[in-house]
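As a plain string of letters, each chain reads:
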Amino acid sequence: MSETGGEGVQDDSEPPPQAPPEPGGHPPETGEGGGATEAKRPRMSVEHQGSGGTGSCDYPPEQVLDPTPPGADSDGVIKSESTPTVTGEAVEGVWPQNGGEANALEEAIEEKEEVHDLAEGEVDQPHEVEDHETADSVGDKQSVGLDFEQNPQVLATAWTDYSHVPENYLKGCKWAPDGSCLLTNSADNVLRLFNLPPEIYSYNWDMIPEMSPVLRMAEGDTVYDYCWYPKMTSLDADTCFLASSSRDNPVHMWDAFYGEVRASFRPYNHLDELTAAHSLCFSPDGSQLYCGFDKMVRVFYTDRPGRDCEERPTTVKKQGQNGIISCFSFSPCQSVYACGSYSRCAGLYSCQDGTMLALLPTLHHGGITHMLFSPDGNYLYTGGRKDSEILCWDLREPGKVVFSMKRNVATNQRIYFDLDASGRYLLSGDTEGVVSVWDTHTAPPDGSEELLQPKLRFQGHWDCTNGLSIHPFMPLLATSSGQRQFPSPGDSDSDGDGPVMSAPVSRQDNALCVWWAGPLAAAQDQDKELAAAEAEGTGGLAS
């Protein structure tokens, strides 16, 4: 089997099966996610940019790069023969039009930002920590209130918009860097953008309707990878963009406010043929876009769209990292990035010139599809396809595995995992829909225990939970589910003509879910305070 895209060869070449059965567990009465109008949303002032926008970012404020290339039109779209015309659909009426509601929502956001900034300030000052404070207590301050003593609670779902096309399973979900919205990828090659429901801020959880996308950005073929601009904040429209790569297409930079292509990056191979990137990742400062190819990394500058790029081979004279570069991760502390490949190995490289610093041993049973650095930069977590282990590597001793975590991965599909801001909790789904939570602080530091047992396991979906993303500063999780369903040989028919292919009898569940993973008592107390404030006429957060 050839290894081409991040989702395995079957996602690229297999024809779509017949219409799937109705997803279970999701009530059919809410169906607003279907039709989308062609009209664009009007441009709005800063206070109206983004429903539920937070303006919070995990990176220090710096000068924002202008991604619009010289000579581009008003929308920043590069017009060339090699760039296909790709448009997105904007759903009208999704941004807050009522000034009172917007102001109340901004007040709620500012209050949560103050709490988040205070927590960051406490963690970012290690010299002020008292001697009796342990590493666990410091991590708790930065763990955005996550509480896994009980199962997370579902707050909002979206599944109607994925039911219009047969076999339209999801392929992952990613929170925006400012936490204001969610981005999903699905089998119909459409990137969908969902705003975080404002009812979540005010704890009016009984009033949350089914989420519907505010933007749909359609690629021309199978989407290989997608990523947010790391300095994105919904209060600055110039920073609201993302990148995506699809088969036989250049890398597109999408405007996250209007669903249009701002610019494109066109990588060419040694035959001067346009080639598609299999993986994407912005540098931490957002100035560069790293793209993965077969034994090659190409680095584009975000403010210089086109074909000019820096080429960094991962294999020189048959030495180095072979295979297609399938994923990236940047160290938060050093100028180092890691590359995973379908050759089942990972390499560490210098950000300055791409020099290989270390090549980790080949211990995975399948091609590496996802990797993450710990917040302190000392550990690297890697996971592969058709591989049941997530490995934790100690980068202070390259090649040493501290511990592994077991999950059920029986597919070529990319199964994402995520770390919370403190690096304490690692979460991952599996092909059975189960979400596992590991407390990495309970692992022996000397690596004496090879297998780390999960702290909590719960049923996230009835089908493969392939996407998992932790909110940047709130105790929220996002999960996505679904996988390609194949017909299975059935019993012989009555005429004796041989076996027939029967439709799969499966628990198909193509959906996006948002979960509350914080202490339930805190939410109940906040709800009581809001009710008391409304009763006294002092006002409260807008629902």
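All of these numbers come straight from a predicted model, not from anything done at the bench.

## A short note on the overall build of the chain
Reasoning step 1: Within the chain one finds four helices and 33 strands.
Reasoning step 2: Expressed as a percentage of its 543 residues, the buried residues of the chain come to 56%.
Reasoning step 3: Partitioning the intrachain contacts of the chain with sequence separation of at least 6 by distance along the chain shows that 61% fall at a separation of at least 24.
Reasoning step 4: In the structure as shown, the chain presents an accessible area of about 23200 Å², 48% of it carried by carbon and sulfur atoms.

## Focus: the pattern of salt bridges
Reasoning step 1: Per the stated rule, a full pass over the model turns up 14 salt bridges.
Reasoning step 2: Here R192 makes a salt bridge to D161, at a shortest N to O gap of 2.3 Å. Here the residue R192 occupies a position in strand 5 (residues 190-195), and D161 occupies one in the loop between strand 2 (153-158) and strand 3 (170-175), the gap between them amounting to 31 residues. Note on accessibility: R192 and D161 belong to one class, buried.
Reasoning step 3: Between K174 and D225 there is a salt bridge, and its shortest N-O distance comes to 3.8 Å. Taken together, the residues K174 in strand 3 and D225 in strand 7 (residues 223-228) connect sequence positions 51 residues apart.
Reasoning step 4: Three or more residues joined by partner-sharing salt bridges are found here, namely D161, D188, R192 and R216.

## Examining the pairing of strand 8 (residues 241-246)
Reasoning step 1: In terms of burial, strand 8 is largely enclosed, as six of its six residues are buried.
Reasoning step 2: Here strand 8 shows two buried faces, one formed by F241, A243 and S245 and the other by L242, S244 and S246.
Reasoning step 3: As defined by bridge partners, strand 8 adjoins strand 9 (residues 251-255) across four bridges and the pair is classed as antiparallel. Opposite F241, over in strand 9, you have D255 as the bridge partner.
Reasoning step 4: With antiparallel pairing between neighbouring strands as the criterion, strand 8 and strand 9 make up a hairpin whose turn holds four residues, including D248 at a positive phi of roughly 65°.

## A word on the sheet that holds strand 10 (residues 261-265)
Within a sheet, adjacent strands bond to each other through the backbone by hydrogen bonds, running parallel or antiparallel.
Reasoning step 1: Within the open sheet, the four strands sit side by side as 7-8-9-10. Their pairing is antiparallel. Two strands close off the open sheet at either side, each with one partner strand: strand 7 and strand 10. Ignoring strand direction, the axes of neighbouring strands in this sheet form an average angle of 20°.
Reasoning step 2: Across four bridges, strand 9 lies against strand 10 in antiparallel orientation. Counted as the bridge partner of W254 is V261 from strand 10.

## Quick word on the nonpolar core
Reasoning step 1: Counting 23 residues, the largest nonpolar core has L182, I200, L476, L512 and V514 as its most contacted members.
Reasoning step 2: Contributing elements (two or more residues each) for this core: strand 2, strand 3, strand 30 (476-481) and strand 33 (512-516).
Reasoning step 3: Core analysis: the next-biggest nonpolar cluster, separate from the first, contains 20 residues, C181, L191, A256 and F257 among them.

## Brief notes about the confidence of the model for the chain
Caution applies to low-pLDDT regions: their predicted coordinates should not be interpreted in detail.
Reasoning step 1: Across the chain, the average pLDDT comes to 75, with 65% of residues at or above 70.
Reasoning step 2: Within the model, the stretch residues 91-109 combines pLDDT values under 50 with 43 contacts to residues more than four positions away or in other chains.
Reasoning step 3: Within the model, pLDDT remains below 50 along residues 111-143, and this stretch shows 28 contacts once partners closer than five positions in the same chain are excluded.

## What about the pairing of strand 17 (residues 325-330)?
Reasoning step 1: When you tally the buried positions in strand 17, you get six out of six residues, the bulk of the element.
Reasoning step 2: Sheet topology note: the strand 17/strand 18 (residues 336-341) ladder contains five bridges and is antiparallel. The partner of I325 across the bridge, within strand 18, is S341.
Reasoning step 3: Linking strand 17 back to strand 18 in an antiparallel pair, the connection comprises five residues.

## Observations regarding the sheet that holds strand 30
Reasoning step 1: Spatial ordering of the open sheet is given by 2-33-30-29, a layout of four strands whose pairing is antiparallel. Among the strands making up the open sheet, the edge pair consists of strand 2 and strand 29 (465-470). For this sheet, the mean inter-axis angle between neighbouring strands, taken without regard to orientation, is 20°.
Reasoning step 2: As defined by bridge partners, strand 30 adjoins strand 33 across five bridges and the pair is classed as antiparallel. Looking across to strand 33, one finds that L476 is bridged to W516.

## Topic: unusual backbone geometry
Reasoning step 1: Backbone geometry places D248, a non-glycine residue, at a positive phi of 65°.
Reasoning step 2: Mapped onto the elements of the fold, D248 is located in the loop between strand 8 and strand 9.

## Remarks on the packing of aromatic side chains
Reasoning step 1: Applying the stated criterion across every chain yields a total of 16 aromatic pairs.
Reasoning step 2: With a centroid separation of 6.5 Å and 50° between ring planes, the pair formed by F328 and Y337 is classed as tilted.
Reasoning step 3: Given the relative accessible area of 8%, F328 is considered buried.
Reasoning step 4: Overall, Y337 belongs to the buried group, its relative accessible area being 1%.
Reasoning step 5: A network of ring pairs unites the aromatic residues Y290, F328, F330, Y337 and Y349 as a single cluster.
Reasoning step 6: Here R307 stacks its cationic end above the ring of Y268, 4.0 Å away from the centre of that ring.

## Some words on the environment of M217
Reasoning step 1: Tracing the chain through its elements places M217 in strand 6 (residues 215-218).
Reasoning step 2: Through-space distance from the C-alpha of M217 to that of W254 is 7.8 Å; in sequence the pair is 37 residues apart.

## Describing the state of the cysteines
Reasoning step 1: Within the structure shown, the criterion is met by zero disulfides.
Reasoning step 2: For the unlinked cysteine C227, the closest cysteine sulfur is that of C281, found at 6.0 Å.

## Looking at the environment of E260
Reasoning step 1: If you trace the backbone, E260 turns up in the loop between strand 9 and strand 10.
Reasoning step 2: Of the residues examined, E260 reaches a relative accessible area of 14% and is grouped as buried.
Reasoning step 3: In this structure the C-alpha to C-alpha distance between E260 and R216, which are 44 residues apart in sequence, comes to 9.6 Å.

What counts, and where the lines are drawn
- Residues numbered from 1 in each chain as written.
- Predicted model: local features only at pLDDT ≥ 70, side-chain atom pairs only at ≥ 80, totals over all residues.
- Heavy atoms only, no water.
- Helix = DSSP H or I, 4+ residues; strand = E, 2+ residues; numbered from the N terminus.
- Buried < 20%, exposed > 50% of the residue type's maximum accessible area, 1.4 Å probe, protein only.
- Contact = heavy atoms within 4.5 Å.
- Areas by Shrake-Rupley, 256 points an atom, 1.4 Å probe, with all protein chains shown as cover.
- Salt bridge = Lys/Arg side-chain N within 4 Å of Asp/Glu carboxyl O.
- Pairing = 2+ DSSP bridges.
- Axes fitted to C-alpha atoms, helices over the stretch in contact; angles between N-to-C directions.
- Core = buried A, V, L, I, M, F, W, Y, C linked by side-chain atoms within 4.5 Å.
- pLDDT = per-residue confidence, 0-100.
- Phe/Tyr/Trp six-rings, centres within 6.5 Å; stacked < 30°, edge-to-face > 60°.
- Lys NZ or Arg CZ within 6 Å of the ring centre and 35° of its normal.
- Disulfide = S-S within 2.5 Å.

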